[in-house]
Amino acid sequence: MLKGLGRWLRAAGYDTIIADNGVADRELIEQARDEGRLLITRDRKLIEFRDARKHVILLMSNHLQDCVRELNKIKDIDWSYRPFSRCLLCNHPLREADPGQYSQIPEESRRIAEQKSERVYWCDHCNKPYWAGSHVRRMRKTLSGWQDCR
Ligand SMILES: [Zn+2]
């Protein structure tokens, strides 16, 4: 339900697992407990489990921006924590790309990255490069705007 919010938390650098559809409620709670995670959900049923309140954050809002506001009130989220330090697709920590891997990003983007001395990052799990293109710049702007979104 909150996959979009999950991806934004990843973009901010938080270690975020996005639950697959159809995973049993009990399993989700157990995973949160065992891995010391907070389970962010809109599913009321999840707070009915014993001890759930320690591990579950229940949001009421339906839209991303409202969820962010609600989450900011409940938890001290730092949306500028470590932006773009994790893969948005798989959550794997990114590392700086090897020189050879630079060749895998579009020539134009590579040229701009070199001009601005911007680093290119790499997900070893997805074999995917990340660079500070216009999309990333827009996302960074959104993230910093959420810092004071209350
Ligand atoms: Zn990845």
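What counts, and where the lines are drawn
- Residues numbered from 1 in each chain as written.
- Predicted model: local features only at pLDDT ≥ 70, side-chain atom pairs only at ≥ 80, totals over all residues.
- Helix = DSSP H or I, 4+ residues; strand = E, 2+ residues; numbered from the N terminus.
- Contact = placed C-beta atoms within 7 Å.
- Buried ≥ 20, exposed ≤ 12 C-beta atoms within 10 Å, placed from the backbone.
- Arc of directions from axis to C-beta.
- Core = buried A, V, L, I, M, F, W, Y, C linked by C-beta atoms within 7 Å.
- Pairing = 2+ DSSP bridges.

**Notes on the overall build of the chain**
Along its length, the chain carries six helices and five strands. Along the first, second and third principal axes, the C-alpha set of the chain runs to 55 × 30 × 20 Å. Across the chain, contacts joining residues at least 24 apart in sequence account for 53% of those joining residues at least 6 apart.

**Some words on helix H2 (residues 25–34)**
When H2 is considered as a whole, its buried residues turn out to be Leu28, Ile29 and Ala32. Along the axis of H2, the buried positions cluster into a sector of 95°, meaning they face one direction only. Turned more than 90 degrees away from the buried face of H2, the exposed residues are Arg26, Glu27 and Asp34. At its buried positions, H2 is contacted by strand E1 (39–41) and helix H3 (52–55). Residue glycine 36 follows H2 closely and has a positive phi angle near 60°.

**Observations regarding the nonpolar core**
The nonpolar side chains of a soluble globular protein tend to be buried with one another. By size, the foremost hydrophobic cluster in this structure holds 19 residues, and its most contacted members are Leu5, Ala12 and Leu39. In contact with alanine 12, other than residues within four places in its own chain, are Trp79, Tyr81, Pro83 and Leu143.

**Here's the deal with the sheet that holds strand E5 (residues 128–130)**
The antiparallel open sheet is built from three strands, whose spatial order is E3-E4-E5. Strands at the two margins of the open sheet, each flanked by one partner only, are strand E3 (95–96) and E5. Relative to E5, strand E4 (residues 121–123) runs antiparallel, the two sharing three bridges. If you follow tryptophan 122 over to E5, its bridge partner there is proline 129.

**Some details on unusual backbone geometry**
Even without being a glycine, serine 117 presents a positive backbone phi close to 50°. Along the chain, the position of serine 117 falls in the loop between helix H5 (107–115) and E4. Not every positive phi belongs to a glycine, and asparagine 127 is a case in point at roughly 55°. With respect to the helices and strands, asparagine 127 occurs in the loop between E4 and E5.

This is a description of form; function is not addressed.
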